[in-house]
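# Coordinate analysis (summary)
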Amino acid sequence: MDKLVIQGRHRLSGTVKASGSKNSALPLMAAALLCSTGEIKLSRIPDLKDVRTLSKLLGYLGAETSYRENTLNISTSNIRCAQAPYELVKQMRASIYVLGPLLAKFGRASVSLPGGCAFGPRPIDLHLMAMEKLGASVSIEKGFIEARTKGTCLKGAAIDFPITSVGATGNALMAAVLAKGRTIIRNAAVEPEIATLCRFLNAMGADIRGIGTESLEIEGVETLNAAEFTNIFDRIEAATLLTAGAITGSAITVTDVDPSQLITVLGKFEEAGCKIVTDTGSITLQSPDALVRSDVIANPYPLFPTDMQAQWIALMTQAEGASHVIDKIYHERFNHIPELNRLGAHIEIRDNEATVHGPRKLTGTKVMSTDLRASASLVLAGLVAEGVTEVLRIYHLDRGYECIEQKLNDLGAAITRESYQEFL
Ligand code: EPU
């Protein structure tokens, strides 16, 4: 296994490029299943474990994929199977994104239930509800979602989501684009990753209106064809890099971004005392002499993202005062707290609210976590901790951050990747 060994307390400076978005790349790749002819070309696809897992799943289904320099070519004209096996789905919950496209294109789909999640319950009832609304029969058999169209194809319908779900909106969209007639999705997720999926589907020939709003209108079409498409930047990676600047008292610039997608997070950096300057495609953060507390509540876009909650808690360990961090999306997503406390933080947790007492001097030791963003928060804490922090099991980090140690080292951090053996 690999670990990151971080020599803390180095100032960062300079410029770093944001990678392509993981959470946008995955639905784009699944949408390729809808294509009838030709080869899809997706650029700005990050080189990440999750991307490789979904490529493997597409390959298992019969697709041909080739990946070079962040460009992924996918040909799905020889799909021979509509079953997503447990071995691949359990590695990545986002594999459920193949449900909608397989059902729409082949009239049936068999997708393993994803199993447990490191940060509490993550139901998929809304994905199934959307498929049923579109006219599929759905059952759970032997740990698999078994979905079939009742007639020859799915039928347009009104889908009202009781709560906003990124994944269920994506699946509903990918099923509805080939359904007969009109589908209206209400309370749709408005995350940039969903708007990007809509744009890609339209580039393939779909007819989706209301992009970026909570009400999406889809007029079903007969077929979708190959398209070339460029993925958006990873707003969570960019915000994590900015946090690295803020936690180390540094000034850094992140380029290749769209600052408008990070308005809430940037406002929070300002509230914490950082100076933020945005330009077309770049964000510069200048840390203050002393950070001050800034409370956040994680909620759907455009509010503060749950995927930045763990990193924000790491930052608040260095801020003056008691900050309150509430996660309204995943109430149990707090794996990082005991580990941050082992580094010397003073964080209390009650229900879905963390209280971070700062500033605290952190001291390096061995830490590990069981999910991606929690691991990112430990790396950030390691950057400011005295001495050496070892972040173990970084395969979690590799799921979602492209060349993270290289990017941070280019800014002046001192991080090495080493392999180690765990005692079992
Ligand atoms: N929910 C349900 N039923 C469902 C689906 C979701 O109750 O059928 C609930 C969830 O339990 C949660 C809320 O709805 O409380 C929102 O979940 P959502 O469906 O929006 O999450 P997701 O699509 O499973 C994506 C990202 C997550 C990110 C969330 C929230 C991908 C691949 N994953 O998950 O990203 O935290 O949206 O923004 O896009 C990460 O990148 O670290 C990550 C976990």
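Residues numbered from 1 in each chain as written. Predicted model: local features only at pLDDT ≥ 70, side-chain atom pairs only at ≥ 80, totals over all residues. Heavy atoms only, no water.

The linkage connecting Y301 with the following residue, P302, adopts the cis geometry, with an omega of 10 degrees. When you line up the elements, P302 lands in the loop between strand 20 (296-298) and helix 10 (309-316). A cis amide bond links G358 to the next residue, P359, at an omega of -5 degrees. Counting through the fold element by element, P359 comes out in the loop between strand 23 (353-358) and strand 24 (366-368). The phi dihedral of D256 falls on the positive side, at around 65 degrees, and the residue is not glycine. (Helix = DSSP H or I, 4+ residues; strand = E, 2+ residues; numbered from the N terminus.)

Attention now moves to helix 4 (residues 99-106). Helix 4 sits mainly inside the fold: 6 of its 8 residues count as buried. When helix 4 is considered as a whole, its buried residues turn out to be L99, G100, P101, L102, L103 and A104. Downstream of helix 4 by a residue or two, G107 has a phi angle that is positive, lying close to 80 degrees. (Buried < 20%, exposed > 50% of the residue type's maximum accessible area, 1.4 Å probe, protein only.)

Moving on: the state of the cysteines. The tally for this structure, following the rule as stated, stands at 0 disulfides. Just so you know, C198 is unpaired, no disulfide at all, and the nearest cysteine sulfur is the one on C35, 18 Å from it. C198 sits in the buried class, given a relative accessible area of 0%. (Disulfide = S-S within 2.5 Å.)

Let us now look at the pairing of strand 10 (residues 144-149). Looking along a regular strand, one sees side chains alternate from face to face of the sheet. As judged from the 5 bridges shared by strand 8 (residues 108-112) and strand 10, these two strands associate in the antiparallel manner. Bridge assignment links S112 to a residue of strand 10, and that residue is F144. As defined by bridge partners, strand 9 (residues 136-141) adjoins strand 10 across 6 bridges and the pair is classed as antiparallel. Bridge pairing links V138 to A147 in strand 10. Count of turn residues in the strand 9/strand 10 antiparallel hairpin: 2 residues, of which K142 carries a positive phi of about 45 degrees. (Pairing = 2+ DSSP bridges.)

A few words now on the site of the ligand. Around the ligand there are 23 residues in total, and L126, S165, V166, D307 and I329 lie nearest to it. One of the backbone N or O atoms of L126 is found 2.7 Å from an oxygen atom in the ligand. At 3.1 Å from an oxygen atom of the ligand is found a side-chain nitrogen or oxygen belonging to R333. Burial of the ligand by the protein amounts to 85% of the accessible area it has alone, namely 830 Å². For the shell around the ligand, the secondary-structure elements that each account for two or more residues are helix 1 (22-31), helix 5 (125-133), helix 6 (166-176) and helix 12 (372-384). Take the shell around the ligand: its biggest share by element is 3 residues, from helix 5. Here the shell around the ligand is built from residues that sort into 11 nonpolar, 6 polar and 6 charged. Residue contributions to the shell around the ligand reach at least three from each of two domains, namely domain 1 (2-19 + 233-419) and domain 2 (22-230). (Near = heavy atom within 4 Å. Polar contact = N/O pair within 3.5 Å; in protein donor to acceptor, adjacent residues only side chain to side chain. Areas by Shrake-Rupley, 256 points an atom, 1.4 Å probe, with all protein chains shown as cover. Nonpolar A, V, L, I, M, F, W, Y, C, P; charged D, E, K, R; others polar. Domains from an automatic or database assignment.)

Bringing the side chain of N73 into the picture now. With respect to the element layout, N73 can be found in strand 6 (residues 71-75). Ignoring sequence-local partners within four residues, the contact set of N73 consists of E39, I40, K41, E64, T65 and S66. (Contact = heavy atoms within 4.5 Å.)

This brings us to the packing of aromatic side chains. The full count for this structure, using the stated rule, is 3 aromatic pairs. Ring geometry for F200 versus F229: centroids 5.2 Å apart, planes at 50 degrees, classification tilted. Taken as a pair, F200 in helix 7 (residues 192-203) and F229 in strand 16 (residues 228-230) lie far apart in primary sequence, 29 residues in all. The burial state of F200 is the same as that of F229; both residues are buried. Taken together, a centroid distance of 5.2 Å and an interplanar angle of 65 degrees make the contact between F269 and W312 edge-to-face. Taken as a pair, F269 in helix 9 (residues 263-271) and W312 in helix 10 lie far apart in primary sequence, 43 residues in all. The buried category is assigned to F269, whose relative accessible area is 0%. (Phe/Tyr/Trp six-rings, centres within 6.5 Å; stacked < 30°, edge-to-face > 60°.)

With mixed pairing, 4 strands are arranged side by side in an open sheet as 7-8-10-9. Of all the strands in the sheet, the pair left with one neighbour each is strand 7 (83-84) and strand 9. Against the sheet, helix 4 touches strand 8, strand 9 and strand 10, its axis set at about 155 degrees to strand 8. Helix 5 rests against strand 9 and strand 10 of the sheet, and its axis sits at about 145 degrees to strand 9. (Axes fitted to C-alpha atoms, helices over the stretch in contact; angles between N-to-C directions.)

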